[in-house]
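# Structural characterization, general
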Amino acid sequence: MVILLDLDGVLITTPAWRAVETAADGFCKFNERATTNLAAILAETKAAFVLTTSHRINYSVTQWEAIFKARSLFPSAITKVNNRTTLPQAGSRASEIETWVMRQSATTNYVVVDDDLSLHTLPPAIKSRCVLTKPLVGLDTTATKQVLHILRSNAFPTTL
């Protein structure tokens, strides 16, 4: 099981007008409720993370492991959606996710957790596996239930 994970608007829910607080490790503090919800998802599913967040380019996978561990989040593995070292143009998150999905086997059980409205442009088979969070709320109870429903369904997309 794989969670394609954004951070801003999912785990980081600070309003744009306010400075983001940092944790002791120097990275952004996560919303406590959202972190608890993600920890519950991981406890049940043992899912891996594929980072789609724009923050992914600033840290190595080893650094990400430490960041998540410091926040008591223990995915089975951490990778990045691609190996870019610069951010793509705005609105291309959907194309990065679509490319990732197309590279996977037909039996990869995944869910996309993000607040990026560009995901509405994804093909229906991928879009049906997306959980869009509200930027200032993040991964709330409703979104958590949606994530678990998708991962439990074992319904793999067959066409893009």
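Attention in this report is confined to the structure presented alongside it. (Residues numbered from 1 in each chain as written. Predicted model: local features only at pLDDT ≥ 70, side-chain atom pairs only at ≥ 80, totals over all residues. Heavy atoms only, no water.)

## Some remarks on the sheet that holds strand E4 (residues 110-114)
- Spatial ordering of the open sheet is given by E3-E2-E1-E4-E5, a layout of five strands whose pairing is parallel. Because the sheet does not close on itself, it has two edges, and the strands there are strand E3 (78-80) and strand E5 (130-132). The sheet shows a mean angle of 25 degrees between the axes of neighbouring strands, taken without regard to direction.
- Contacts between helix H2 (residues 61-70) and the sheet are confined to strand E1 (2-5), strand E2 (48-51) and E3, with E3 contributing the most and set at about 130 degrees to the helix.
- Docked against the sheet, helix H3 (residues 93-103) engages E1, E2 and E4, running at close to 170 degrees with respect to E4. (Pairing = 2+ DSSP bridges. Helix = DSSP H or I, 4+ residues; strand = E, 2+ residues; numbered from the N terminus. Axes fitted to C-alpha atoms, helices over the stretch in contact; angles between N-to-C directions. Contact = heavy atoms within 4.5 Å.)

## Description of the environment of His149
- The residue His149 is located in helix H5 (residues 141-153) in this model.
- Judged by relative accessible area, which is 55%, His149 ranks as exposed.
- Remark: the alpha-carbon pair of His149 and Pro123, spanning 26 residues in sequence, is separated by 20 Å. (Buried < 20%, exposed > 50% of the residue type's maximum accessible area, 1.4 Å probe, protein only.)

## Some remarks on unusual backbone geometry
- A positive phi is found at Lys46, a non-glycine position, where the angle reads about 55 degrees.
- A positive phi angle, close to 60 degrees, is found at Ser72, a residue other than glycine.
- Its place among the elements puts Ser72 in the loop between H2 and E3.

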